[in-house]
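Chains, contacts and geometry: an overview
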Amino acid sequence: MQTVRPYRAGDRDACLALFDGNTPRFFDPSERADFAAWLDTSTHPYLVILRDGRIVACGGHAIEADGSTASLCWGMVAQDLHGQGLGRALTQARLGAIGATPGVAKVSMNTSQHTQGFYAGYGFVPVKVTPDGFGPGIDQWDMVLQLPARGAHR
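Here we summarise the structure given alongside this text. All of these numbers come straight from a predicted model, not from anything done at the bench.

A closer look at unusual backbone geometry
The step from T23 to P24 runs through a cis peptide bond, and the omega angle for that step is 10°. One non-glycine residue, D52, lies in positive phi territory at about 50°. Within the fold, D52 resides in the loop between β2 (46-51) and β3 (54-63). Residue class for D52 comes out exposed when judged on its relative accessible area of 64%. Backbone geometry at D132 places phi at a positive 55°, although glycine is not the residue there. Inspection of the secondary structure puts D132 in strand β6 (residues 125-135).

Here it is as structure tokens:
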């Protein structure tokens, strides 16, 4: 059985283990302290996916100060479970929550060359690519998704 629920402080070690399992291909080791600090201090929505009681994915979003832009934050799936739909479930849950937030017109994110194609499938388009932006061999792809206008009359 698979469930999605909000992050709790007791999930910290399991989320850090997900990070560690995705290092160094998807995350540079230097990013771990930033992720740990984010888990400890962030007030933004963050979700975990549990499968049979095990945390197998986590990710969140933030609404920027302008109120019209959301950003995806720290999304990851257990390395041994890539390709099983967990990334899709996590992305859909985050985009659903963002879509329910009044005034948000676009979603920004940064990811690597390894996952940019996955997000392109959701309509995200690259706006900037920084070679080695996250660390050696991990390029930073800044991407944006324009959300459909709500309440538009034809």
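Right, picking up where we left off after that structure.
Quick look at helix α1 (residues 12-21)
Within the span of α1, buried status applies to C15, L16, L18 and F19. For α1, the angular spread of buried residues about the axis comes to 150°, placing them on one side. Looking at the buried residues of α1, the elements they touch are α2 (32-41), β2, β3 and β4 (69-77).

So, the sheet that holds β3
Judged by pairing direction, the sheet is mixed, and its seven strands sit side by side in the order β1-β2-β3-β4-β5-β7-β6 without closing on themselves. For this open sheet the edge positions go to β1 (2-6) and β6, each flanked by a neighbour on one side alone. Each strand axis lies, on average, 20° off the axis of its neighbour in the sheet, ignoring direction. Packing of α1 onto the sheet brings it into contact with β2, β3 and β4, and relative to β3 it is tilted by some 90°.

Examining the state of the cysteines
Tallied over the entire structure, the rule returns zero disulfides. No disulfide involves C15; its sulfur sits 3.8 Å from that of C58, the nearest cysteine. Under the relative-accessibility criterion, C58 is labelled buried at 0%.

Conventions adopted
- Residues numbered from 1 in each chain as written.
- Predicted model: local features only at pLDDT ≥ 70, side-chain atom pairs only at ≥ 80, totals over all residues.
- Heavy atoms only, no water.
- Helix = DSSP H or I, 4+ residues; strand = E, 2+ residues; numbered from the N terminus.
- Buried < 20%, exposed > 50% of the residue type's maximum accessible area, 1.4 Å probe, protein only.
- Arc of directions from axis to C-beta.
- Contact = heavy atoms within 4.5 Å.
- Pairing = 2+ DSSP bridges.
- Axes fitted to C-alpha atoms, helices over the stretch in contact; angles between N-to-C directions.
- Disulfide = S-S within 2.5 Å.

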